[in-house]
Amino acid sequence: MPLESVWKKTLSLLEKKMNRPAFELFMKRIVPVSLSDNTLYLKVPGALSMNYLDEYKSLIEDASSEAAGTRVSVIASHGDTGAAPEPSPGAAHFPLPPAAAAPHQKQRRRGTPFLNPKYTFENFVVGSSNRLCHAASLSVAEAPGKSYNPLFIYGGVGLGKTHVMQAIGHYIINTKPHLNLDYVTTDAFIHEMMNFVQEGKLLDFRNKYLRSDVLLIDDIQFVQGREGTQYEFFQIFNSFYESKKQIVITCDRLPKDIPTLEDRLVSRLNWGLIADIKPPDFETRLVILKKNVENSAVAIPEEALELIASTVKSNIRDLEGTLNRVIAHASLSSREITTSLTREIINDIVPLKAPLTSNIQSIINEVSVYFGVEPEDLIGRRRKREIVMPRMIAMFLAREMTDRTLSQIGKEFGNKDHSSVLYSCEKIERELQRDSSVQLAIDNIKSRLI
Ligand code: ADP
Ligand code: MG
């Protein structure tokens, strides 16, 4: 069987077995080179290269064996396939630009935005929770405007959205200094726009952004309820999209879950690639801690790091925060960092973070902000879907995060009886299994409450 048809069939088999972003990002960029002696030789594009191959090799072997009708093994090399957009010259695996831009480099560009020098690809630990997002970001950084536009990154608080977005920024500034890049938080975007509007210079505002070649917008969820900003953003978005200039957006949820976001914006944000970042697994948490320790010149036993990694699961910001407290505590008390000291400190911190600190009113407030509904609706009885789901989530959180009984919770939710609270909690537990946006909403709201 000729190479082309085996590969074509292999791809169509793989397409059914893999999730779409992984398939688009990786498989479609592989170039088959030859097929002889039951060995399939492949070329993998430089930047996404071999790390992914290891992960998918057995899947590719199975699919190509099925396609060829005989057992096939795969040998891959990496290199410029022509399919990969602008691979860096002479790059080995994951070519990385120098960590942060040197000051003299910055001056060559128009008003380089401030990016945190720590937020580079080099410092970004890749694990199963963020692998696709990392790959997509790297691909966008290598070929802005050419691979995924817009790139929409979403995930809970403290999971690395800003980090990976700024890594794209650093990479582009270092490898393509002629490009103008803007990084802006949605809050800053809104304030800046209001200032321009006050001075009657809205056009200048728009033009300022239109001069940019790459636009990184952080935390887009904050445009909720702001029609004027949404309109401006829409105009800028269209212009960027049409001129194939790269847009990268981060958000704490999917576009469809941002309340009051206009439909036309939701649909535009869905045009490119949507990549999520999930909470890191234990291994990734440990690697992140080790990386932080490497940079800090203190000695911490491995066991102590494992203890932190196994205790702090919520997000990376808390993970780093806990490590920093341990380091600070030890240095203030001039004690050596041992596992038992670490345990002591964690025990001091963690109870503070544990549930039972929230009261029902603050839960109701946070849920109403997150979903863009009125607090009164959450304790009312209206049956509209946009309200029913947030109301159930609020009751669920009240049961999880307070020590109130079902009846007490029912009372605070407009005198409902305990069975309707129980029903809501059970319903949300089922939804959690089924719909990852419910999990994300709950994680986000919780992180604001703790
Ligand atoms: P978010 O924007 O999603 O709230 P951040 O990007 O601010 O989260 O990340 C929070 C902290 O965690 C930062 O200090 C960041 O450097 C660190 N961090 C996040 N993801 C990673 C990662 N994959 N590897 C190393 N550090 C990370
Ligand atoms: Mg952020």
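Preceding this paragraph is the structure being described.
Residues numbered from 1 in each chain as written. Chains lettered and ligands numbered in written order. Predicted model: local features only at pLDDT ≥ 70, side-chain atom pairs only at ≥ 80, totals over all residues. Heavy atoms only, no water.

Caption draft 1: Structural detail: the overall build of the protein. Within the protein one finds 20 helices and 8 strands. Within the protein, buried positions represent 50% of all 450 residues. A separation of at least 24 residues holds for 74% of the contacts in the protein among residues at least 6 apart in sequence. Carbon and sulfur atoms make up 51% of the accessible area of the protein, which amounts to about 21,100 Å² in all. (Helix = DSSP H or I, 4+ residues; strand = E, 2+ residues; numbered from the N terminus. Buried < 20%, exposed > 50% of the residue type's maximum accessible area, 1.4 Å probe, protein only. Contact = heavy atoms within 4.5 Å. Areas by Shrake-Rupley, 256 points an atom, 1.4 Å probe, with all protein chains shown as cover.)

Caption draft 2: Examining the packing of aromatic side chains more closely. Tallied over the entire structure, the rule returns 11 aromatic pairs. Between F196 and F205, the ring centres sit 5.6 Å apart and the planes meet at 55 degrees, which makes this aromatic pair tilted. Among the residues examined, F205 registers a relative accessible area of 0% and is labelled buried. Feature note: the residues F189, F196, F205, Y209, F233, F237, Y241 and W271 constitute an aromatic cluster, connected by ring pairs. The ring of F240 carries the charged tip of K245 above its face, separated from the ring centre by 4.9 Å. Looking at R264, its charged tip hangs above the ring of F234, at a distance of 3.8 Å from the centre. (Phe/Tyr/Trp six-rings, centres within 6.5 Å; stacked < 30°, edge-to-face > 60°. Lys NZ or Arg CZ within 6 Å of the ring centre and 35° of its normal.)

Caption draft 3: The arrangement of the pattern of salt bridges in detail. Counted according to the given criterion, the structure contains 20 salt bridges. Residues joined by salt bridges that share partners form a network here, namely D252, R253 and R448. (Salt bridge = Lys/Arg side-chain N within 4 Å of Asp/Glu carboxyl O.)

Caption draft 4: Local environment of helix α11 (residues 282–294). End to end, α11 covers 18 Å across 13 residues, agreeing with the expected 18 Å (1.5 Å per residue, within 8%). For α11, the set of buried residues is T284, R285, L286, I288, L289, N292 and V293. Tucked into the core, α11 has its buried residues touching α12 (302–311) and α13 (316–332). (Expected span 1.5 Å × (residues − 1).)

Caption draft 5: Structural context of helix α5 (residues 131–142). Helix length check: α5 (12 residues) gives 17 Å between terminal C-alpha atoms against 16 Å at 1.5 Å per residue, within 8%. Among all positions of α5, only C133, H134, A135, A136, S137, L138, S139, V140, A141 and E142 are buried.

Caption draft 6: Spatial organisation of the site of ligand 1. Taken together, 18 residues are adjacent to ligand 1, and V125, G158, T162, H163 and E320 come closest. Within the side chain of N130, a nitrogen or oxygen atom sits 3.3 Å from a nitrogen atom of ligand 1. Note that an oxygen atom of ligand 1 is positioned 2.9 Å from one of the side-chain N or O atoms of R317. Relative to its unbound accessible surface of 560 Å², ligand 1 loses 94% to contact with the protein. Counting residues per element, the ones that place at least two in the shell around ligand 1 are α6 (161–175) and α13. (Near = heavy atom within 4 Å. Polar contact = N/O pair within 3.5 Å; in protein donor to acceptor, adjacent residues only side chain to side chain.)

Caption draft 7: Looking closely at the sheet that holds strand β7 (residues 246–251). The sheet built from 5 strands is open, its strands ordered β5-β6-β7-β4-β8 with parallel pairing. Whereas interior strands pair on both sides, the edge strands pair on one side only; in this sheet they are β5 (181–185) and β8 (273–277). Across the sheet, the axes of successive neighbouring strands diverge by a mean angle of 15 degrees, strand direction being ignored. In this sheet, strand β6 (residues 214–218) lies alongside β5 in parallel orientation, the contact comprising 5 bridges. Bridge pairing links D182 to L215 in β6. Packed onto the sheet, α5 meets β4 (151–155), β7 and β8 and runs at close to 150 degrees relative to β4. (Pairing = 2+ DSSP bridges. Axes fitted to C-alpha atoms, helices over the stretch in contact; angles between N-to-C directions.)

Caption draft 8: Representation of a negative patch on the surface. Among the surface-exposed residues, D281, E283, E303 and E306 lie close enough to one another that they form a single negatively charged patch. Structurally, the position occupied by E283 is in helix α11. (Patch = residues over 30% accessible without salt bridge, like charges linked within 9 Å, V, L, I, M, F, W, Y side chains within 5 Å. Lys, Arg positive; Asp, Glu negative; His and termini not counted. Charge placed at Lys NZ, Arg CZ, Asp CG, Glu CD.)

Caption draft 9: Representation of the packing of helix α17 (residues 385–401) against helix α19 (residues 418–434). The interhelical angle for the contact between α17 and α19, taken along N-to-C directions, is 100 degrees, at an axis separation of 8 Å. Between α17 and α19, the angle is such that the two are roughly perpendicular. Each of M389, M392, I393, M395, F396 and R399 in α17 lies in contact with α19, whose residues at this interface are S420, V421, L422, Y423, S424, C425, K427, I428, E429, E431 and L432. Its residues assigned to classes, the contact of α17 with α19 comprises 11 nonpolar, 2 polar and 4 charged. (Parallel < 35°, antiparallel > 145°, perpendicular 65-115°, else oblique. Nonpolar A, V, L, I, M, F, W, Y, C, P; charged D, E, K, R; others polar.)

Caption draft 10: Spatial organisation of the nonpolar core. Counting residues in hydrophobic clusters, the biggest one holds 28 residues, and the most contacted among them are F121, L151, I168, L216 and V248. Elements with a minimum of two residues in this core: α5, β4, α6, β5, β6 and β8. Counting residues per element, this core draws most heavily on α6, at 7 residues. Residues within four places of L216 in sequence aside, it is in contact with M165, I168, G169, L181, D182, Y183, V184 and V248. (Core = buried A, V, L, I, M, F, W, Y, C linked by side-chain atoms within 4.5 Å.)

Caption draft 11: A look at the pairing of β7. Along β7, 6 of the 6 residues are buried, which leaves the element largely enclosed by surrounding structure. Of the two faces of β7, the one lined by Q246, V248 and T250 and the one lined by I247, I249 and C251 are each fully buried. In this sheet, β7 lies alongside β4 in parallel orientation, the contact comprising 4 bridges. Counterpart to Y154 in the pairing with β7 is C251. Regarding topology, helix α9 (residues 227–242) serves as the crossover connection from β6 to the parallel β7, and that connection is right-handed. (Right-handed = clockwise from strand over helix to strand, strands pointing away.)

Caption draft 12: Region of the structure containing a nonpolar patch on the surface. On the surface, V33, Y41 and I75 cluster together into a nonpolar patch covering about 240 Å² of accessible area. Mapped onto the elements, Y41 comes out in strand β2 (residues 39–44). Using a relative accessible area of 31% as the deciding quantity, one classes Y41 as partly exposed.

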